[in-house]
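An overview of the molecular structure
Okay, here's what each chain looks like letter by letter:
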Amino acid sequence: MKHQVQMLKRTLRHWASTLALAALVLFAPTAWGQETITLTGNVSQAIVPGTVYTFQDSGGPDGNYSTSQNYTATFTCAGEITINFTQFVTESSSSCYNWDYMQIYDGNATTGTLLARGQTGCSSATLTTGTAYVATSGTMTIVWQSDGSTNAAGWVATITGAEPSSCPQPMGLVCSNY
């Protein structure tokens with residue numbers, strides 16, 4: 001009887017470790033917390049803190065975006081929202097005509113604070129790859145427009161959201177010397 005109990009315990013341990021290994025393979029951390037948002041129309045998306053979103057144009061990471069697009073994407077989160085572009089290429093316009101461009105706002109509409117404007121070749125464009133743009137209001141609005149002719153490689157960016165601050169900003173503090 002004692003031998004049978006030991007065999008049963010060994011078998012259970014074997015199955016438990018096999019199940020744990022299977023769970024690690026099936027639910028690896030790289031599969032969790034990642035989502036892709038492809039802009040093919042207007043978007044309203046809640047950003048979940050801890051999830052990394054890939055935000056890309058209608059052509060995806062390997063194709064050109066489509067012509068004649070006029071889309072707005074609005075992202076909301078309980079905390080700050082950060083977007084960081086790894087690629088940004090539009091139809092080039094050194095004279096800054098509004099051919100193909102993107103505008104990023106901190107707020108629920110285009111009345112929010114303009115964080116960046118992207119247009120390849122335009123000297124007044126402020127959007128650059130590798131720069132983090134942060135919407136501290138918890139809402140980020142992105143306006144994308146492409147005209148009816150030339151298109152280009154487009155963009156790929158990551159979007160993340162932060163947990164809301166549990167410690168409110170102090171206000172009205174007075175410091176004095178003792």
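My aim in this report is to walk through the structure given alongside it, one point at a time. (Residues numbered from 1 in each chain as written. Predicted model: local features only at pLDDT ≥ 70, side-chain atom pairs only at ≥ 80, totals over all residues. Heavy atoms only, no water.)

When helices and strands are counted, the chain shows 1 helix and 10 strands. Starting at the N terminus and walking to the C terminus, you meet the elements of the chain as α-β-β-β-β-β-β-β-β-β-β. For the chain, the proportion of its 178 residues judged to be buried stands at 33%. In the chain, the share of contacts with a sequence separation of at least 24, taken over all contacts with a separation of at least 6, comes to 72%. Carbon and sulfur atoms provide 57% of the accessible area of the chain, an area that totals close to 10800 Å². (Helix = DSSP H or I, 4+ residues; strand = E, 2+ residues; numbered from the N terminus. Buried < 20%, exposed > 50% of the residue type's maximum accessible area, 1.4 Å probe, protein only. Contact = heavy atoms within 4.5 Å. Areas by Shrake-Rupley, 256 points an atom, 1.4 Å probe, with all protein chains shown as cover.)

A separate point is the pairing of strand 3 (residues 52-56). Where strand 1 (residues 34-38) meets strand 3, 5 bridges bridge the pair, whose relative direction is parallel. Looking at the pairing, glutamine 34 lines up with valine 52 of strand 3. (Pairing = 2+ DSSP bridges.)

Reading across from one edge, 2-4-9-6-7 is the order of the 5 strands in this open sheet, with mixed pairing throughout. Two strands close off the open sheet at either side, each with one partner strand: strand 2 (43-46) and strand 7 (113-118). Between one strand axis and the next, the sheet turns by 15 degrees as a mean value, whatever way the strands run. Of the pairings in the sheet, the one linking strand 2 to strand 4 (residues 69-76) comprises 4 bridges and is parallel in character. When the sheet's bridge partners are listed, glutamine 45 is paired in strand 4 with phenylalanine 75. (Axes fitted to C-alpha atoms, helices over the stretch in contact; angles between N-to-C directions.)

Among the structural elements, glycine 107 can be located in the loop between strand 6 (101-106) and strand 7. A sequence separation of 28 residues divides glycine 107 from alanine 135, and the C-alpha atoms of the two residues are 7.1 Å apart. Once residues lying within four places of it in the same chain are set aside, the contact partners of glycine 107 are Gly112, Ser137, Thr139, Met140 and Thr141.

A word on the packing of aromatic side chains. The tally for this structure, following the rule as stated, stands at 6 aromatic pairs. Of the aromatic side chains, those joined through ring pairs into one cluster are Phe55, Tyr65, Phe75, Trp144 and Trp155. (Phe/Tyr/Trp six-rings, centres within 6.5 Å; stacked < 30°, edge-to-face > 60°.)

To continue, consider the state of the cysteines. Applying the stated criterion across every chain yields a total of 1 disulfide. Two residues share a disulfide in this structure: cysteine 96 and cysteine 122, whose sulfurs sit 2.1 Å from each other. Because the sign of the S-S torsion sets the handedness, a value of about 105 degrees for the bond joining cysteine 96 and cysteine 122 places this disulfide among the right-handed ones. Here the residue cysteine 96 occupies a position in the loop between strand 5 (81-89) and strand 6, and cysteine 122 occupies one in the loop between strand 7 and strand 8 (132-135), the gap between them amounting to 26 residues. By relative accessible area, which is 23% here, cysteine 96 ends up partly exposed. (Disulfide = S-S within 2.5 Å.)

Let us now look at the sheet that holds strand 3. If you trace the 5 strands from one edge of the open sheet to the other, you get 1-3-10-5-8, paired in mixed fashion. In this open sheet, the two edge strands, each paired with only one partner strand, are strand 1 and strand 8. Across this sheet, the average inter-strand angle for adjacent strands is 25 degrees, counted without regard to direction. In terms of strand pairing, strand 5 meets strand 8 through 4 bridges, oriented antiparallel. Within the sheet, the bridge partner assigned to isoleucine 81 lies in strand 8 and is alanine 135.

If you look at the biggest cluster of nonpolar residues, it comprises 28 residues, and the most contacted ones within it are Phe55, Phe75, Ile83, Phe85, Met102, Ile104 and Ile142. Residue assignment for this core shows that the elements contributing at least two residues are strand 3, strand 4, strand 5, strand 6, strand 8, strand 9 (139-146) and strand 10 (154-161). Among the elements that make up this core, the one with the highest residue count is strand 5 (4 residues). With near-sequence residues (within four places) excluded, methionine 102 lies in contact with Phe55, Phe85, Phe88, Ala116, Arg117, Gly118, Leu127, Ile142, Val143, Trp144 and Trp155. (Core = buried A, V, L, I, M, F, W, Y, C linked by side-chain atoms within 4.5 Å.)

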